[in-house]
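Residue-level structure breakdown
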Amino acid sequence: MAVIIDNVLDARAPRHPEKAHRPDQPVMRKPDWIRVKAPVSSGYAQTQQIVRANGLHTVCEEAGCPNIGECWEKKHATFMIMGDTCTRACAFCNVKTGLPGALDQAEPDHVAEATFKLGLSHVVVTSVDRDDLADGGAAHFAAVIGAIRARCANTTIEVLTPDFLRKEGAVETVVRARPDIFNHNLETVPSKYLTVRPGARYFASIRLLQRVKEIDPRMFTKSGIMVGLGEERDEVLQVMDDLRAADVDFLTIGQYLQPSRKHHAVMRFVPPDEFKALATIAYAKGFSMVSASPLTRSSHHAGEDFARLRAARAAR
Ligand code: SF4
């Protein structure tokens, strides 16, 4: 059964005031290969209870992730720190936009507690963009990593960070906190940045990933893009080359899904065979780990994939 997560009908409180006056974009019917599990299991309910009890936000819910039924059944939730309100307004993203509140100083402990309660052997922590903060939220990321290490010594930690608005010292702060894997998504090809990710700069994001490896050559790095936004195949291959030039280990490629009529339209549903072909090319270009499928998301199966990534490096 396909679950359609769509906020189109919620006109009472627009999550994205900056998009409210934009013209509606056409909504394409999802193809048969976009099939997801309904969020109805007891595991799902338990995950939800632990998330709520700790007052946390998850990107699973805020981004309307299609995999939530599958992931939460297994108690795999991806925490979204520093509030539920983002200072950017990307054309693809369902996270609420506006002026965020002050940081919750107890959040690192709450994330650590929820990680413990969920029994996570691998935890993924992401955040909204906090361009309003002097360090973009880097110190808060570091505090969350530290709190998880203290509470769950055997849990591996993956961070999926924003670009910190290119603020000096931010990447260094997070790397020094020693996450096991540092993820920063490019999201799309450079020609689409102005329309899809206008607050970011493509080469600044590449440079961020390269900088992680300069500071700690042993740290695993990861990045991802969505396809179906109107990009050309050659542009995707160029992104792969740019990421390899920055020594990125792990690439994810997934289908873009349109959260509402006010978001960027899906230009094409890429068939599963094309994802397989892209994965083959990406491996040939030297990535140690590639996940490419219509429902691939940065944090989907992140624990299993991280184990494979470590094994691939060990084998080399
Ligand atoms: S793929 Fe990631 S964001 Fe989506 S439900 Fe799973 S853990 Fe959450």
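To keep things clear, this report deals only with the structure shown in the data block. (Residues numbered from 1 in each chain as written. Predicted model: local features only at pLDDT ≥ 70, side-chain atom pairs only at ≥ 80, totals over all residues.)

Points about the overall build of the protein
Along its length, the protein carries eleven helices and eight strands. Considering only C-alpha atoms, the protein reaches an extent of 50 × 45 × 40 Å along its principal axes. Sequence separation of at least 24 residues holds for 76% of the intrachain contacts in the protein that already meet a minimum separation of 6. (Helix = DSSP H or I, 4+ residues; strand = E, 2+ residues; numbered from the N terminus. Contact = placed C-beta atoms within 7 Å.)

Here's the deal with the nonpolar core
Looking at soluble globular proteins, one finds that nonpolar side chains tend to be buried together. Counting residues in hydrophobic clusters, the biggest one holds 79 residues, and the most contacted among them are Val111, Val125, Val159, Val174 and Leu251. With six residues, the top contributor of residues to this core is helix 5 (residues 138-151). In this view, valine 174 contacts Ala138, Phe141, Ala142, Val159, Thr161 and Pro179; residues no more than four positions away in its chain are not counted. (Core = buried A, V, L, I, M, F, W, Y, C linked by C-beta atoms within 7 Å. Buried ≥ 20, exposed ≤ 12 C-beta atoms within 10 Å, placed from the backbone.)

Some details on helix 5
The terminal C-alpha atoms of helix 5, which comprises 14 residues, lie 20 Å apart, in line with the 20 Å expected from a rise of 1.5 Å per residue. Of the surrounding secondary structure, the elements contacted by the buried residues of helix 5 are strand 2 (78-81), helix 4 (107-118), strand 3 (122-127), strand 4 (156-160) and helix 6 (170-176). (Expected span 1.5 Å × (residues − 1).)

With respect to the site of the ligand
Taken together, the residues surrounding the ligand are Val59, Cys60, Cys65, Asn67, Ile68, Cys71, His76, Thr78, Arg297, Ser299 and His300. Within the residue set of the shell around the ligand, elements represented by two or more residues are helix 2 (59-62) and helix 3 (68-73). Partitioned by chemical class, the residues of the shell around the ligand number five nonpolar, five polar and one charged. (Near = placed C-beta within 6 Å. Nonpolar A, V, L, I, M, F, W, Y, C, P; charged D, E, K, R; others polar.)

Description of the pairing of strand 7 (residues 250-255)
The element strand 7 is extensively covered by neighbouring structure, given that six of its six residues are classed as buried. Pairing of strand 7 with strand 8 (residues 289-292) involves four bridges; the strand directions are parallel. Looking at the pairing, phenylalanine 250 lines up with methionine 289 of strand 8. In this fold, strand 7 hands off to helix 10 (residues 272-284), which returns the chain to strand 8; that crossover is right-handed. (Pairing = 2+ DSSP bridges. Right-handed = clockwise from strand over helix to strand, strands pointing away.)

Structural notes on the packing of helix 1 (residues 42-53) against helix 4
Running from N to C, helix 1 and helix 4 point in directions that differ by 160 degrees, and their axes come no closer than 9 Å. Classed by the angle they form, the pair helix 1 and helix 4 counts as roughly antiparallel. In the crossing of helix 1 with helix 4, the sense of the turn from one axis to the other is right-handed. The segment helix 1 lies against helix 4, with Thr47, Ile50 and Val51 engaging Ala114, Lys117 and Leu118. Broken down by class, the residue content of the contact of helix 1 with helix 4 amounts to four nonpolar, one polar and one charged. (Axes fitted to C-alpha atoms, helices over the stretch in contact; angles between N-to-C directions. Parallel < 35°, antiparallel > 145°, perpendicular 65-115°, else oblique. Left-handed = near helix turned anticlockwise from the far one by under 90°.)

What to know about unusual backbone geometry
Backbone geometry at lysine 75 places phi at a positive 65 degrees, although glycine is not the residue there. With respect to the element layout, lysine 75 can be found in the loop between helix 3 and strand 2. Unusually for a residue other than glycine, arginine 178 sits at a positive phi of about 60 degrees. One can find arginine 178 in the loop between helix 6 and strand 5 (181-183). Residue arginine 178 is classed as partly exposed on the basis of its C-beta count, with 15 C-beta atoms lying within 10 Å.

Quick notes on the sheet that holds strand 4
Overall, mixed pairing links the eight strands, which are arranged 1-2-3-4-5-6-7-8 in an open sheet. The open sheet has two edge strands, strand 1 (57-58) and strand 8, and neither has a second partner. Sheet topology places strand 2 next to strand 3; four bridges connect them, and they run parallel. The partner of methionine 80 across the bridge, within strand 3, is threonine 126.

Quick look at the environment of valine 125
When you line up the elements, valine 125 lands in strand 3. Separated by 47 residues in the primary sequence, valine 125 and threonine 78 have C-alpha atoms spaced 5.8 Å apart. Sequence-distant contacts of valine 125, defined by excluding residues within four places in its chain, comprise Phe79, Ile81, Val111, Val144, Ile157 and Val159.

Some thoughts on helix 9 (residues 233-245)
Owing to its 3.6 residues per turn, the α-helix brings residues three or four apart onto one side. In this model helix 9 runs 19 Å from its N-terminal to its C-terminal C-alpha over 13 residues, within 8% of the 18 Å that 1.5 Å per residue would give. Among all positions in helix 9, only Val239, Met240, Asp242 and Leu243 are buried. Take helix 9 and look down its axis: the buried residues cluster within an arc of 165 degrees, on one side only. Looking at helix 9, the residues exposed on the side facing more than 90 degrees away from the buried face are Asp234, Asp241 and Ala245. Looking at the buried residues of helix 9, the elements they touch are helix 8 (202-215), strand 6 (220-227), strand 7 and helix 10. (Arc of directions from axis to C-beta.)

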